[in-house]
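Single-letter residue listing:
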Amino acid sequence: MAVNLKKAQRRTLHFNTLADILADAQTITAAPHHTTGNWTAPQIIDHVTRVMGFSNHGTDLRLPLPMRLFGSILKRTGGYRKPISPGVKLPQSIVKHFVAPSNITLDDAISQLRTEIETATTTDMSHPSPFFGSLTHDQWIPFHCRHAELHFSFILAD
């Protein structure tokens with residue numbers, strides 16, 4: 001049965017840089033931990049990595065028009081910089097682009113995150129967001145930080 005993410009216990013996090021995201025992933029998973037959401041720690045880390053990959057490499061993912069219009073409005077109001085609420089329901093047709101396989105290992109997830117962060121810090125994140133549309137490199141960074149804060153908040157130390 002799915003966990004109600006709005007009521008799940010979570011950590012309070014704030015990341016300023018992409019390096020902060022990697023440091024937290026390595027620190028929280030180096031010791032015994034558990035998750036309070038619906039995904040394992042490797043799945044959470046992989047999800048954040050996949051979305052970061054959209055900004056580094058692009059994607060052919062096309063969200064439904066109402067989602068893109070809402071994203072455009074949020075972009076104009078600086079929504080990419082604001083905390084993200086838990087419990088967003090994605091249409092089943094696009095979930096496959098966002099959810100990691102259940103058998104992904106922690107080592108693989110962290111390694112892939114490290115690679116995407118290295119790419120993002122050595123090249124310009126210039127590919128458009130499927131939700132917000134065109135974002136600059138400097139706009140992508142706070143979005144990735146807020147996105148990781150949301151998902152990593154469900155990984156708690158034992």
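For the structure itself, consult the block above.
Now for a description of the structure that goes with this document. (Residues numbered from 1 in each chain as written. Predicted model: local features only at pLDDT ≥ 70, side-chain atom pairs only at ≥ 80, totals over all residues. Heavy atoms only, no water.)

A look at the packing of helix α1 (residues 18–30) against helix α2 (residues 41–57)
For the pair α1 and α2, the least separation of the axes is 11 Å and the interaxial angle reads 165 degrees. Looking at the two axes, α1 sits roughly antiparallel to α2. For the pair α1 and α2, the crossing hand works out as left-handed. When α1 is examined against α2, the residues Leu18, Ile21, Ala25 and Thr29 are found in contact with a partner set consisting of Ala41, Ile45 and Met52. Residue composition of the contact of α1 with α2, by class: six nonpolar, one polar and no charged. (Axes fitted to C-alpha atoms, helices over the stretch in contact; angles between N-to-C directions. Helix = DSSP H or I, 4+ residues; strand = E, 2+ residues; numbered from the N terminus. Parallel < 35°, antiparallel > 145°, perpendicular 65-115°, else oblique. Left-handed = near helix turned anticlockwise from the far one by under 90°. Contact = heavy atoms within 4.5 Å. Nonpolar A, V, L, I, M, F, W, Y, C, P; charged D, E, K, R; others polar.)

Digging into α2
Across its 17 residues, α2 extends 24 Å between first and last C-alpha, which sits within 8% of the 24 Å expected from 1.5 Å per residue. Counting buried positions along α2 yields 15 of 17 residues, so the element is predominantly enclosed. Just downstream of α2 lies Gly58, where phi reads positive at about 85 degrees. (Expected span 1.5 Å × (residues − 1). Buried < 20%, exposed > 50% of the residue type's maximum accessible area, 1.4 Å probe, protein only.)

Comments concerning the packing of aromatic side chains
Counted under the stated rule, the structure contains seven aromatic pairs. Seen in terms of ring centroids, Phe54 and Phe98 are 5.7 Å apart; in terms of plane orientation they differ by 80 degrees. Their pairing is edge-to-face. Taken together, the residues span a long stretch of sequence, with Phe54 in helix α2 and Phe98 in the loop between α4 (92–95) and α5 (106–122) at a distance of 44 residues. On the basis of relative accessible area, Phe54 is assigned to the buried category, the value being 9%. Overall, the relative accessible area of 10% leaves Phe98 in the buried class. With a centroid separation of 5.0 Å and an interplanar angle of 75 degrees, the aromatic rings of Phe131 and Phe132 are classed as edge-to-face. On the accessibility criterion, Phe131 (24% relative accessible area) is partly exposed. Taking the relative accessible area as the measure of exposure, Phe132 reaches 7% and is therefore buried. Following the ring pairs from residue to residue traces out a cluster consisting of Phe70, Tyr80, Phe131, Phe132, Trp140 and Phe143. (Phe/Tyr/Trp six-rings, centres within 6.5 Å; stacked < 30°, edge-to-face > 60°.)

Digging into helix α6 (residues 137–152)
Counted at 1.5 Å a residue, the expected span for α6 with its 16 residues is 22 Å, and the 22 Å between its end C-alpha atoms agrees. By the criterion of burial, α6 is predominantly enclosed, with 14 of the 16 residues buried.

Quick look at the layout of surface pockets
With a probe scaled to a water molecule rolled over the atoms, the places where space remains empty come into view. Taken as a whole, the largest pocket spans an internal volume of roughly 1,200 Å³. Around the largest pocket, the lining is made up of 41 residues, and of these Val88, Lys89, Leu90, Leu150 and His151 lie nearest the centre. Elements supplying a minimum of two residues to the lining of the largest pocket: α2, α3 (65–76), α4 and α6. At five residues, the largest contribution of residues to the lining of the largest pocket is made by α6. Tallied by class, residues from the lining of the largest pocket come to 27 nonpolar, eleven polar and three charged. (1 Å grid on protein atoms, 1.4 Å probe; cavity = no way out; pocket = protein on both sides within 12 Å on 5 of 7 lines; lining within 4 Å. Points joined across faces, edges and corners; volume = space filled by probe spheres on them.)

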